[in-house]
Each structure stands twice: as C-alpha cells, then as structure tokens.
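For reference, the chains in residue letters:
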Amino acid sequence: MIKTIYPGQTIGIIGGGQLGRMMALAAKEAGFKIAVLEPAMDSPCGQVADIRIVAPYDDEAALEELAEVSDVITFEFENIDYEGLKRLTEIAYVPQGAEIIRITQNRVTEKEAIANAGSPVAPYIVCNSYEELVEKIDEIGYPSIVKTARFGYDGKGQQKLNSKDDLPLAKSLFEHSQCIVEGFVPFEKEISVIIHRNGLGETYCLPVGENIHVNHILHETIVPARITDETKRKAEEEAAKIAEHLELVGTLAVEMFVLKDGQLIINELAPRPHNSGHYSIEACNISQFAQHIRAVCGWPLRKPKLHAPSIMVNVLGQHVAPLTNSIMKYPDWSIHLYGKSEAKVNRKMGHVTVLTDDLETTLKEIEASGIWSEK
Ligand code: AMP
C-alpha cells in the first residue's frame, strides 16, 4: 500500500552519515521532522535531526522505537541488518522494502539481479575459498579482480590479479566472506546514473555523471559526462531496466564502465543517494536528496533539469585545512562539510560543487588551487 506522507510528519532514517544528513536537510526544507538511528552520539545526520536514537542498527528495541516515532522509514546505506529491516517492514511503513537491501549488500546477489534485469556485467565467477579461486581462475584469466562479496567499499576488499604470481595476495580476502572474481574491464570512462522511482512507478534519471577516482575513492564527478548522447541514452535505459526489475522505490545509483566502442558494463549498485549525485544539490532543479524524499513520501517526482555543467570534488580529511584556507578565494564554489569532528586521511569530510560554462577551464582551476594536491 502506498501512503502519502505530509510535512509535519516524521521521516525515520537508518544511518547517521552524510547521506542521511543531506536527506534530512532536504526533508526539513519541506517541513518534515527527522528521526535518526545511529550508534554514534554525534553524527552528521544526528546534528540536524529532531529525534536521535543512539543504538546499533540491529538493536531490536531501538528499531521498535524508530518505528514508533516515524511515519515512514528510509535508510542511507546498504550495510544495515537485513533481518532487522525485514522485521521493521512488518511494524512500520518502509516503502523501499527490505529485499533491495538483501540483494545489494552482497555482490553475488547484486550481479545476479543486474544480469536478470537483462543488463551486461563483466564475466565473473563466485569462489567460496582461496583453494576454489586457484582451481577456477583460468575460467576468467588475467588481469582480473577479486572482490569480497560483502562489506567492500572505496576499493577495500579488492585485489587485482595481473598473473598467477598475484594469487596469494587475494588469500586474506576469503577471511571476510566469499568472493567474486571478475574480468578486468578495459574501460574508457566510469559513469553513474542516479535513478529515482516512486511507488506509482514514476521514474526519472538525473543527468549522467562522469566519475574520476583517485586511489579507488571518488575524487570528481563531472556533469554532463563527456560521452555521446547515444551512450547517455543507453546508460539511462540500463538504469531504468534495473530499477524496474528491482521494483525500486526511492533512489538507485548505477555505476557503469564505458568501453571504447561505447558499450556499457554495469559495475555496481547502491540503493540510496550516492556521492556521484551530490552535484544535483546546486546544479539541478531537484537534488537527489529532495527527489528521494518525494519518492518515499509518495509524492510525484520532478523531471530533472541541469541548470549548468558542474564539477563536484570530494573533500577528504587531508583536504579540509587547505580548503578552509582557500574559501575566501572562491566565491563561486559551494562548500559542503558534513560536521565530522576528526579529519582522518581519506575520510569523506565534505565536497565542493562548482557550476561552470567551461568544464575544462574549471577543472584546471580546481587542480591549480592546490587543495587536492595531496592525494
Ligand atoms: P567497486 O568497489 O566495484 O566500485 O570498484 C572500485 C573501483 O575499482 C571501480 O570504480 C573501478 O575503478 C575499479 N574496478 C572495479 N571492478 C573493475 C573491473 N572489473 N575492471 C576494471 N576496473 C574495475
């Protein structure tokens, strides 16, 4: 049953990170109240929430409390406890359901779902042990990448294999979970499509973003992606196929590789707003967070429009001080900092978005600022 949630009612968010914070800020703009479940007392979302429930994500009493205070519940990351979320769907309104979490929190079920939707994935096999990897690796060959099925992020839980000699490097990955081994894709670009869908099946994609990674962490998203219109159209088509297949409600980020000939390979999914969609806060007539709130509250979605080309740059721990020292020099940059107290190296602390009519010149200006020179 689809419900409509109105301003004044309370949206519960599982997870207190920056994605929850930006969801909360978008929701509060429209007059919703926010409750957040997060084990840390001081969290990016907790700082802007009306109600804070400080407990582990799988704490039964805490989930019940969240259900009690919330008119609708959403989540800001996929590594939440599936069983807990499933129980929550029985006592609270969780329009996104728990199934999408079960599927996307494991690379094996995620890949199967993408393939079942009719979308292309890299050739892959599933291995339950290091011995199985050694036995089966020739089915994929080299170069290839071993990835833990669970709890991988920002390149963690991955090992590239260039030859047989690299096999032992992958051994420790099997201590954490089963793994998939996939063929290395000689991609030309990485792009992502952020797609939203509401309970009525209304669907819109945000403009396709081009992602530049440094040390496996997203560094920049450039919008529009520098790909052909035909590739853009195909990318949106793939995202829509997957969203339909998953009966998506809310937000799905679809990360893809673009090959030289324009062919697309789907890399991975995230069933939530995504780092590569942050540009939409300033650059579009609807942000990924506001659209997410519309979708889970049963509101009609808005057709996204790009106001201007834009570049989003992530601010990691090592970039905070140089950015702070440079703020006065760049009045056109939108500064977002997430309220995290400790600026650890490589920790995502914030981002900067710049709208521009000249992407190449602005990319050079960002580089020349020196703020991101320490990678
Ligand atoms: P993932 O955690 O799957 O998003 O992988 C992190 C990054 O590793 C991706 O953004 C790519 O840059 C790279 N990568 C992952 N899988 C592959 C692949 N099969 N072929 C080439 N590069 C990959």
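Residues numbered from 1 in each chain as written. Predicted model: local features only at pLDDT ≥ 70, side-chain atom pairs only at ≥ 80, totals over all residues. Heavy atoms only, no water.

**Q** Got a minute to help me understand the site of the ligand in this structure?
**A** Near the ligand lie 16 residues; those nearest to it are Gln158, Glu182, Val185, Glu190 and Glu268. A distance of 3.0 Å separates a nitrogen atom of the ligand from a polar backbone atom of glycine 183. Of the residues in the shell around the ligand, the class split is 5 nonpolar, 5 polar and 6 charged. Of the domains in this structure, domain 2 (123-183) and domain 3 (189-368) are the two that each give at least three residues to the shell around the ligand. (Near = heavy atom within 4 Å. Polar contact = N/O pair within 3.5 Å; in protein donor to acceptor, adjacent residues only side chain to side chain. Nonpolar A, V, L, I, M, F, W, Y, C, P; charged D, E, K, R; others polar. Domains from an automatic or database assignment.)

**Q** Looking at this structure, how should I read a nonpolar patch on the surface?
**A** A grouping of Ile327, Met328, Ile335 and Leu337 is seen on the molecular surface, where their side chains present a nonpolar patch of about 370 Å² in accessible area. Position of methionine 328 relative to the elements: it lies in the loop between helix H10 (320-326) and strand S16 (333-337). Given the relative accessible area of 77%, methionine 328 is considered exposed. (Patch = residues over 30% accessible without salt bridge, like charges linked within 9 Å, V, L, I, M, F, W, Y side chains within 5 Å. Areas by Shrake-Rupley, 256 points an atom, 1.4 Å probe, with all protein chains shown as cover. Salt bridge = Lys/Arg side-chain N within 4 Å of Asp/Glu carboxyl O. Helix = DSSP H or I, 4+ residues; strand = E, 2+ residues; numbered from the N terminus. Buried < 20%, exposed > 50% of the residue type's maximum accessible area, 1.4 Å probe, protein only.)

**Q** Looking at this model, I keep getting lost on the sheet that holds strand S6 (residues 144-148). Mind explaining?
**A** Strand pairing in a sheet takes place through backbone hydrogen bonds and is either antiparallel or parallel in direction. Ordered in space as S5-S8-S6-S7, the 4 strands form an open sheet in which the pairing is antiparallel. Each edge of the sheet is formed by a strand with only one pairing partner; in this case those strands are strand S5 (124-127) and strand S7 (158-161). Along the sheet, successive strands turn relative to each other by an average axial angle of 20°, direction set aside. Here S6 pairs with S7 via 4 bridges, running antiparallel. Note that in S7 the partner of isoleucine 145 across the bridge is lysine 160. In the packing of helix H5 (residues 107-116) onto the sheet, contacts are made with S5, S6, S7 and strand S8 (179-183), and the angle to S8 comes to roughly 45°. (Pairing = 2+ DSSP bridges. Axes fitted to C-alpha atoms, helices over the stretch in contact; angles between N-to-C directions. Contact = heavy atoms within 4.5 Å.)

**Q** Just checking my understanding: could you explain empty space enclosed by the protein for this structure?
**A** Summary: where empty space remains is shown by rolling a probe the size of a single water molecule over the atoms. Summed over all chains, the structure comprises 3 cavities of 30 Å³ or more. Of the voids in this model, the largest cavity is the one considered here, and its volume is about 70 Å³. Lining the largest cavity are Val214, Asn215, Ile217, Leu218, His219, Asn314, Leu316, His319, Asn346, Trp372 and Lys375. Listed by contribution, the elements that provide at least two residues to the lining of the largest cavity are strand S12 (217-223) and strand S15 (310-316). A per-element tally of the lining of the largest cavity places S12 first, with 3 residues. Among the residues forming the lining of the largest cavity, the class breakdown is 5 nonpolar, 5 polar and 1 charged. Looking at the second largest cavity, its volume works out to about 40 Å³. Forming the boundary of the second largest cavity are His219, Glu220, Ile366, Glu367, Trp372, Ser373 and Lys375. (1 Å grid on protein atoms, 1.4 Å probe; cavity = no way out; pocket = protein on both sides within 12 Å on 5 of 7 lines; lining within 4 Å. Points joined across faces, edges and corners; volume = space filled by probe spheres on them.)

**Q** Please explain the packing of helix H2 (residues 60-69) against helix H3 (residues 82-91) as it appears in this structure.
**A** Packed helix pairs are characterised by how far apart their axes lie and by the angle those axes make with each other. It is at 10 Å that the axes of H2 and H3 come closest, and there the two elements cross at 35°. Where H2 crosses over H3, the two elements pack in a sense that is right-handed. Taking contact as the criterion, the partners of Glu60, Leu63, Glu64 and Ala67 in H2 are, on H3, Gly84, Arg87, Leu88 and Ile91. Of the residues that constitute the contact of H2 with H3, the class distribution is 4 nonpolar, 1 polar and 3 charged. (Left-handed = near helix turned anticlockwise from the far one by under 90°.)

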